Amino acid sequence: MAELRAKFWQNLPLEELNEAEWEALCDGCGLCCLVKLEDEDTERIYFTRLVCSLLDEASCRCSDYKNRHQKMPDCRAITLQSLKEIEWLPPSCAYRLREQGNPLYWWHPLVSGNRDSVHSAGISTRGWTISEQGIKEEDFEDFLVANPFDSNSPE
Ligand code: SF4
Ligand code: SF4
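Enquirer: What should I look at first to understand the sheet that holds strand β2 (residues 45-51) in this one?
Expert: By way of backbone hydrogen bonds, the strands of a sheet pair with one another, either parallel or antiparallel. Ordered in space as β1-β2-β5, the three strands form an open sheet in which the pairing is mixed. In the strand order of this sheet, the two ends are held by β1 (34-38) and β5 (130-131), each with one partner. Pairing of β2 with β5 involves two bridges; the strand directions are parallel. Across the sheet, the residue bridging to Val-51 is Ser-131, located in β5.

Enquirer: Looking at this structure, I do not really get the environment of Gly-122. What am I missing?
Expert: By the secondary structure assignment, Gly-122 is in the loop between α7 (117-120) and β5. Along the backbone, Gly-122 and Cys-29 are 93 residues apart, and their C-alpha atoms lie at a distance of 9.3 Å.

Enquirer: I tried to follow the site of ligand 2 on my own but got confused; where do I start?
Expert: Taken together, the neighbourhood of ligand 2 is formed by Cys-33, Cys-52, Leu-54, Leu-55, Cys-62, Arg-68, Met-72 and Cys-75. A class-by-class count of the residues in the shell around ligand 2 yields seven nonpolar, no polar and one charged.

Enquirer: I keep staring at the environment of Gln-10 and nothing clicks. Help me out?
Expert: Structurally, Gln-10 is set in helix α1 (residues 8-11). Residue Gln-10 is classed as partly exposed on the basis of its relative accessible area, which comes to 49%. Along the chain, Gln-10 and Lys-71 lie 61 residues apart, while their C-alpha atoms are 33 Å from each other.

Enquirer: Can you walk me through the pattern of salt bridges in this structure?
Expert: Proximity of charged atoms lets side chains of opposite charge pair with each other. If you walk through the whole model with that rule in mind, you get five salt bridges. Put simply, Glu-85 and Arg-76 hold a salt bridge, and the shortest N to O gap is 2.9 Å. Relative accessible area serves as the criterion here: at 43%, Glu-85 is assigned to the partly exposed category. Among the salt bridges present, the one from Asp-116 reaches Arg-126, with a minimum N-O distance of 3.4 Å. Placement of the pair is Asp-116 in the loop between α6 (109-112) and α7 and Arg-126 in the loop between α7 and β5, with a sequence separation of ten residues. Given a relative accessible area of 36%, Arg-126 falls into the partly exposed group.

Procedures and definitions
- Residues numbered from 1 in each chain as written.
- Chains lettered and ligands numbered in written order.
- Predicted model: local features only at pLDDT ≥ 70, side-chain atom pairs only at ≥ 80, totals over all residues.
- Heavy atoms only, no water.
- Pairing = 2+ DSSP bridges.
- Helix = DSSP H or I, 4+ residues; strand = E, 2+ residues; numbered from the N terminus.
- Near = heavy atom within 4 Å.
- Nonpolar A, V, L, I, M, F, W, Y, C, P; charged D, E, K, R; others polar.
- Buried < 20%, exposed > 50% of the residue type's maximum accessible area, 1.4 Å probe, protein only.
- Salt bridge = Lys/Arg side-chain N within 4 Å of Asp/Glu carboxyl O.

Structure representation (structure tokens):
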């Protein structure tokens with residue numbers, strides 16, 4: 001894999017990132033792995049406090065990132081194209097921030113130099129979510145939450 005260039009997260013637009021830089025841009029918040037429910041009539045998305053069963057709840061990282069699309073066909077890859085289509089990414093998502101030309105927040109591991117800062121800042125799924133594993137799909141509604149990104153709004 002290609003090398004990470006100096007301050008690529010602040011100096012380069014998304015279009016110029018190599019594969020390694022693209023992957024490193026993820027802050028590890030796990031918020032894109034929340035289970036979401038869609039109202040079929042209105043297409044409105046509702047968030048739950050459930051997370052994908054492949055998410056490691058301690059690290060908030062995918063436990064089988066390489067094979068995630070085989071194991072979880074609904075998992076959306078974050079790409080230049082899908083960024084234009086996905087409306088449910090949190091405003092704190094590093095890809096969303098950079099797409100909009102904004103800088104990363106202080107708690108992003110690339111900025112802080114500490115992989116834990118995204119968790120200690122209260123941005124990630126750590127501590128308030130539970131795995132969907134073992135929960136029947138018809139019961140997902142019991143776990144609906146108000147827009148979780150309001151309370152996770154970064155300073
Ligand atoms: S929301 Fe964005 S930054 Fe956070 S884990 Fe998902 S892709 Fe990475
Ligand atoms: S498969 Fe992995 S990356 Fe995809 S939603 Fe589940 S935990 Fe997240």
